[in-house]
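Here is how the chains run, residue by residue.
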Amino acid sequence: MSEIDEGLRAELQRQGVWVTSMQELYNWGRKNSIWPLQFGLACCAIEMIATAASRYDIARFGGEVFRPSPRQADLMIVAGTVTKKMAPQIVRLYNQMPDPKYVISMGACAISGGPFKQGYNVLKGIDRYIPVDVYIPGCPPRPEALLHAFMELQRKIDSQKLTGATKAEHLTAAQPSEFPVPAFGEHDLEPPANPNVFQPPKVEREG
Amino acid sequence: MTPDPYVFIIIFIGVALVFPLIPLALAWLWRRVFQPPKPGAEKNATYECGVESIGEAQIQFRSQYYLYAIIFLIFDVEAIFLVPFAVAFTGLPVGAFIAILVFLLLLIEGLVWAWGKGCLSWAAR
Ligand code: SF4
């Protein structure tokens, strides 16, 4: 799995010989067939549908196979407002996806609660419970933004290593594949956030 | 000399066995070399749209559904016969008219019988 010398590869290609490594082949296959989980939560889902339909056509990037079962999905697009009623289901669906799995947090709501941040029933960001790979700002983000996020994810997948100290997290035995599902508490979800996943930014004020 | 015709079936069975076994073996190898398996209680749980599943999947339906389905089916078929009857109604001879009336009467009689038997009431029996 050692790196291929780029000059040698270009020279070989000129002679009609293509060489590749297993890692490149593996990542090339994965990044061009990302199957998203088919579920939408609120208004952002409409944009996600538009992205999948003919005008924006996510099929150009290999992501049109929306799967109705988490067992067959690689990517979870959290498209919309996550209510506290819904959060346990989302975490459970994420848990049921096989590795390697990725999450796109689409729109202000999925990132932070968005316009409903003050609402008693709205989760302030899905990254409190599951690790998110790409965030898309916007309310709602345009389909182009979702495509951009998709391409960012492809870039990330392409750079993931198969071996070595810097290999992809899902290949290490230490990285969990499941995250605890929050329960309904008296006033809030319990726990309100998973400390292993979510570290809120520290506000530092002078004086 | 032509080969025995059954040779092809044996070749076919061989290919049919090897073809799915190769991806399975590759997946097994991949798991051993690169991807440590991470099963878990949540991950292996029954999928029910993210909701925790309650109870068993192997439950028995009551046979009353079957009775309703049968009676519905009979009258469904009857409706199909009634359409050409209605279309050709003005040009029908008397014999054909009586024949279709007998057909209807037979079905209605069956309905009355089923009604009398209590098949149409949803009683727990
Ligand atoms: S971010 Fe805006 S468009 Fe998206 S779900 Fe929230 S309110 Fe709707």
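Residues numbered from 1 in each chain as written. Chains lettered and ligands numbered in written order. Predicted model: local features only at pLDDT ≥ 70, side-chain atom pairs only at ≥ 80, totals over all residues. Heavy atoms only, no water.

Trainee: Would you take a moment to explain the interface of chain A and chain B for this structure?
Mentor: Interface size is commonly expressed as the accessible area that is lost once the parts come together. Taken residue by residue, the interface counts 27 residues in chain A and 18 residues in chain B. At the boundary of chain A with chain B, total buried surface from both sides reaches about 1700 Å², with 54% on carbon and sulfur atoms. Among the residues of chain A in contact with chain B, Arg-92, Gln-96 and Glu-178 of chain A are the three that bury the most area, contributing 29% of the side total. Where chain A meets chain B, there are three salt bridges. With a closest N to O distance of 3.6 Å, Glu-42 of chain B and Arg-92 of chain A form a salt bridge. (Contact = heavy atoms within 4.5 Å. Buried area = accessible area lost by both parts, 1.4 Å probe. Salt bridge = Lys/Arg side-chain N within 4 Å of Asp/Glu carboxyl O.)

Trainee: What's the story with the site of the ligand in this structure? I'm lost.
Mentor: All names here are of chain A. Taken together, 13 residues sit near the ligand, with Cys-43, Cys-44, Cys-109, Cys-139 and Pro-140 positioned nearest. Contributions of two or more residues to the shell around the ligand are made by helix H3 (43-52) and helix H5 (107-112). The greatest single-element share of the shell around the ligand, amounting to three residues, is contributed by H5. Looking at the shell around the ligand, its residues break down into nine nonpolar, four polar and no charged. (Near = heavy atom within 4 Å. Helix = DSSP H or I, 4+ residues; strand = E, 2+ residues; numbered from the N terminus. Nonpolar A, V, L, I, M, F, W, Y, C, P; charged D, E, K, R; others polar.)

Trainee: Can you help me understand the pairing of strand S2 (residues 102-106) of chain A in this one?
Mentor: Taken residue by residue, a regular strand's side chains alternate between the two faces of the sheet. All names here are of chain A. The element S2 is extensively covered by neighbouring structure, given that five of its five residues are classed as buried. What you see with S2 is no split at all: Tyr-102, Ile-104 and Met-106 on one side and Val-103 and Ser-105 on the other are buried throughout. Note: strand S1 (residues 75-79) against S2, five bridges, orientation parallel. Each residue of the ladder has a partner; that of Ala-79, found in S2, is Met-106. In terms of handedness, the path from S1 via helix H4 (residues 87-96) over to S2 forms a crossover that is right-handed. (Buried < 20%, exposed > 50% of the residue type's maximum accessible area, 1.4 Å probe, protein only. Pairing = 2+ DSSP bridges. Right-handed = clockwise from strand over helix to strand, strands pointing away.)

Trainee: Explain unusual backbone geometry to me, please; I cannot follow it from the model alone.
Mentor: Among all residues except glycine, the phi angle is most often negative; among peptide bonds, the trans geometry is most common. Along the chain, Cys-139 of chain A connects to Pro-140 of chain A via a cis peptide bond; the corresponding omega equals -10°. Mapped onto the fold, Pro-140 of chain A is located in the loop between strand S3 (134-136) and helix H6 (143-158). Following Glu-190 of chain A, the chain continues into Pro-191 of chain A via a peptide bond in cis, with omega recorded as -5°. Assignment of secondary structure puts Pro-191 of chain A in the segment after strand S5 (189-190). Of note in this structure, Asp-57 of chain A is not a glycine but carries a positive phi near 55°. Within the element layout of this structure, Asp-57 of chain A appears in the loop between H3 and S1. Judged by its relative accessible area of 26%, Asp-57 of chain A is partly exposed. Residue Cys-49 of chain B is not a glycine yet carries a positive backbone phi of 55°. Structurally, the position occupied by Cys-49 of chain B is in the loop between helix H1 (5-33) and helix H2 (64-87). Judged by relative accessible area, Cys-49 of chain B falls into the exposed class, the value being 55%.

Trainee: How should I be thinking about the confidence of the model for chain B in this particular structure?
Mentor: Detailed reading of predicted coordinates is not advised where the pLDDT is low. Residues and elements named next belong to chain B. Residues at a pLDDT of 70 or more form 98% of chain B, whose mean pLDDT is 87. Across chain B, H1 holds the top mean pLDDT of 93, while H2 sits lowest at 86. Across the whole predicted complex the pTM is 0.76, and at the interface the ipTM reaches 0.71. (pLDDT = per-residue confidence, 0-100.)

Trainee: How should a nonpolar patch on the surface be read in this particular structure?
Mentor: All names here are of chain B. Taken together, the side chains of Tyr-6, Ile-9, Ile-13, Leu-17, Val-18, Leu-21, Ile-22, Leu-24, Leu-26, Trp-28, Leu-29 and Val-33 present a nonpolar region at the surface, about 1200 Å² in accessible area. Relative to the assigned elements, Ile-22 resides in helix H1. According to the relative accessible area criterion, Ile-22 is partly exposed, its value standing at 48%. (Patch = residues over 30% accessible without salt bridge, like charges linked within 9 Å, V, L, I, M, F, W, Y side chains within 5 Å. Areas by Shrake-Rupley, 256 points an atom, 1.4 Å probe, with all protein chains shown as cover.)

Trainee: I would appreciate a short explanation of the sheet that holds S2 of chain A in the present structure.
Mentor: Strands pair in a sheet through their backbones, by hydrogen bonds, and they do so in one of two ways: parallel or antiparallel. Residues and elements named next belong to chain A. Read from one edge of the open sheet, three strands run S1-S2-S3, paired in parallel fashion. The open sheet has two free edges, formed respectively by S1 and S3, since each of these has just one partner strand. The mean angle between the axes of side-by-side strands here comes to 15°, regardless of whether they run parallel or antiparallel. (Axes fitted to C-alpha atoms, helices over the stretch in contact; angles between N-to-C directions.)

Trainee: Mind showing me how you'd approach the packing of aromatic side chains here?
Mentor: Each aromatic ring pair is specified by the distance between its two centres and by the angle formed by the two planes. Residues and elements named next belong to chain B. Evaluation of the coordinates by the stated rule reveals seven aromatic pairs over all chains. For the pair Trp-30 and Phe-34, a centre-to-centre distance of 4.6 Å together with 50° between the ring planes defines the contact as tilted. Residue classification places Trp-30 among the partly exposed positions, given a relative accessible area of 22%. Under the relative-accessibility criterion, Phe-34 is labelled buried at 8%. For the pair Phe-85 and Phe-97, a centre-to-centre distance of 6.3 Å together with 25° between the ring planes defines the contact as stacked. Taken as a pair, Phe-85 in helix H2 and Phe-97 in helix H3 (residues 94-117) lie far apart in primary sequence, 12 residues in all. We classify Phe-85 as buried; its relative accessible area is 14%. Its relative accessible area of 32% is what places Phe-97 among the partly exposed residues. (Phe/Tyr/Trp six-rings, centres within 6.5 Å; stacked < 30°, edge-to-face > 60°.)

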